[in-house]
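# Secondary and tertiary structure notes
Below, each chain spelled out in residue letters.
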Amino acid sequence: MLKLVEFELKKIFARRSAQLALAAVLLLSVLLGVSGYLNMYAFDGKSQEGRGGEAVRIDKEVAAHYAGWLTDEKVQQMLADMQLQGDLHGLNPVYLYHNAIQSALFVRFVDLDAGWNGQTVAGVFGAEPIKIGYILGWLTSSQNLVKALVALALAIIIMLVPVFAGEYEGVNNLILTSRRGPQAGCLAKIIAALLAAVGVTLLTLAVNLGLALALYGTEGLDCSILFAPAEFSENYIPCNISCAQLLAYQILLALGSAGSVGGLGLLFSALCRSQLAAFGAAVAVYLLPVVLPVAESSALFRLVVLLPLYQAQFVALMSVGQLSGGLLYAALAMPVALASFVAGAMLAWRIFVNQQVC
């Protein structure tokens, strides 16, 4: 059986389409990471201003000055230190960006006249303590990882649709069935497909997170994602978790997405004799949630959000329900992903073996 699995793995990764798809995902990951880094901007409100690495340095210095637990006293200190000079000419201060800390402060504690809006830390975030620091780099990396994981899902489909499609006849089929029968060959294909999907997902995660670590360091991993700049203040995860916890959830959901997509790819690979037809059908089902007219307020959305596309995007899945409910619901996606792979693999097994026996 190990020889059969090894044989199937070599077949998957020997295909030029699989190699190009994986290379494209890794290249996209690097381009997104480097682009996000180079487009960083920061101004300390006094004399230092820069982009790219200089912006990251400035942002870290500002964050280090106020790092720690967020209190009402610290809010007042930041408001005094970051008081704006001059007329804004009607510009809402929320849309003014100097640095990540300033943006996070203004979007929550500043009124239209750039003064304190009267809000307290507890009034904005609730009773849980909020630890602040430099988190922009990790949040940006997490955002880029979403795009890479969606592209990876398409790459996994490209890798897996040839596993069954087009192999109902030919030399490869004879090799697989001559000694151990079609069932052993089918099981080897399924095991190899799972290993391939999980393996390329781990590689993609390693490239993305390794690049983020190299560019931004470990600062902010233990800080709350809630005290984030304006771009992350709306339609983001409303949970008081650290950047490290956020990434842990994202990693788990990425692996779940790989399993779900793997089952999807295997199912249509067995159903369709044409690889192109299998790819088109699998991609259409994967992207189906994009066109489904289901509002987030609908009860049906709680089921739709468990689909593989939302596992890769992860934000909506982790935002379902109340603050802690979203996290618990996100954890539910893992057994759903496992069940999806098992169901897809079993159906593919039955279809393929029946074709071989006939």
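The residue count restarts for each chain, going from 1 along the sequence in the order it is written. Whole-chain, interface and lining totals are the exception, using all residues; otherwise, since this is a predicted model, local features are given only for residues with pLDDT of at least 70 and side-chain atom pairs are given and counted only at 80 or more. Side-chain measures here rest on the full set of heavy atoms in the structure, leaving out hydrogens and waters.

This part covers the domain arrangement of the chain. Start and end points for every domain follow an automatic or database-based domain assignment. According to the domain assignment, the chain contains domain 1 (2–36 + 136–353) and domain 2 (39–132). A separation of 37 Å is found between the C-alpha centroids of domain 1 and domain 2. On the domain 2 side, the residues contacting the 19 residues of domain 1 number 23 residues. Summed over both partners, the interface of domain 1 with domain 2 comes to about 1,700 Å²; 62% of that surface belongs to carbon and sulfur atoms. In what follows, salt bridge is the name for a side-chain nitrogen of Lys or Arg lying within 4 Å of a carboxyl oxygen of Asp or Glu. The tally of links between domain 1 and domain 2 comes to two salt bridges. In what follows, a contact means two residues having at least one pair of non-hydrogen atoms within 4.5 Å. In this description, buried area is defined as the sum, over both parts, of the accessible area (probe of 1.4 Å) that is lost when the two are combined.

Definition used in this section: a nonpolar core is a set of buried Ala, Val, Leu, Ile, Met, Phe, Trp, Tyr and Cys residues joined via side-chain atoms within 4.5 Å. A 1.4 Å probe rolled over the protein chains alone gives each residue an accessible area, and that area as a share of the maximum for its type sets the label: buried under 20%, exposed over 50%, partly exposed in between. One finds Leu70, Leu105, Leu139, Phe164, Phe227 and Leu266 to be the most contacted residues of the largest nonpolar core, which totals 110 residues. For the purposes of this entry, the term helix denotes a DSSP run of H or I that reaches at least four residues, the term strand denotes a run of E that reaches at least two, and both are numbered from the N terminus. The element best represented in this core is helix α7 (residues 136–160), accounting for 13 residues. In contact with Leu105, not counting residues within four places along its chain, are Val75, Met78, Leu79, Met82, Val110 and Phe227.

The next point concerns the packing of aromatic side chains. A pair of aromatic rings is counted whenever rings of Phe, Tyr or Trp (Trp by its six-membered ring) have centres within 6.5 Å, and the orientation is called stacked for planes under 30 degrees apart, edge-to-face for over 60 and tilted otherwise. Counted by the stated rule, this structure contains six aromatic pairs. Their ring planes at 65° and their centres at 5.8 Å tell us that Tyr37 and Tyr216 sit as a pair that is edge-to-face. Residue Tyr37 is located in helix α2 (residues 16–38), and its partner Tyr216 is located in helix α8 (residues 171–216); the two are separated by 179 residues in the primary sequence. Accessibility assignment for this pair places Tyr37 and Tyr216 in one class, buried. Summarising the aromatic geometry, the rings of Phe301 and Tyr310 are spaced 5.7 Å apart at their centres and angled 80° between planes, so their arrangement reads as edge-to-face.

With that settled, the discussion passes to the pattern of salt bridges. Overall, the coordinates contain seven salt bridges when judged by the stated rule. Measuring nitrogen to oxygen at the nearest pair gives 3.3 Å for the salt bridge that ties Glu6 to Lys10. Taken together, the positions of Glu6 and Lys10, both in helix α1 (residues 2–14) and four residues apart, correspond to about one turn of that helix. Judged by relative accessible area, Glu6 falls into the partly exposed class, the value being 38%. Taking relative accessible area as the criterion, Lys10 reaches 54% and is therefore assigned exposed. Linking Lys11 and Glu8 is a salt bridge whose minimum nitrogen-to-oxygen distance equals 3.5 Å. In this pair, Lys11 and Glu8 are both assigned in helix α1, three residues apart and thus about one turn of the helix distant. The pair Lys11 / Glu8 is uniform in exposure class, with both members buried. What emerges from the salt-bridge pattern is a single network uniting Glu8, Lys11 and Lys189.

In a packed pair of helices, the relevant descriptors are the angle between the two axes and the axis-to-axis distance. In this analysis, axes come from line fits to C-alpha atoms, helices being fitted only over the stretch in contact, and the angle between any two N-to-C directions falls in the range 0 to 180 degrees. Relative orientation of the contacting elements helix α4 (residues 72–81) and helix α5 (residues 100–109) amounts to 110°, with a least axis distance of 11 Å. In this view, α4 runs roughly perpendicular relative to α5, as classed from their interaxial angle. For α4 against α5, the interelement crossing comes out left-handed. Contact residues: α4 offers Val75, Met78 and Leu79, while α5 offers Ile101, Leu105 and Phe109. Here the nonpolar group is Ala, Val, Leu, Ile, Met, Phe, Trp, Tyr, Cys and Pro; Asp, Glu, Lys and Arg are the charged ones; every other residue, Gly included, is treated as polar. Taken together, the residues that form the contact of α4 with α5 break down as six nonpolar, no polar and no charged. Working rule for angles: under 35 degrees goes down as roughly parallel, over 145 as roughly antiparallel, 65 to 115 as roughly perpendicular, anything else as oblique. Crossing handedness is defined as follows: a turn of the near helix away from the far one that is anticlockwise and smaller than a right angle gives a left-handed crossing, while the clockwise case is right-handed.

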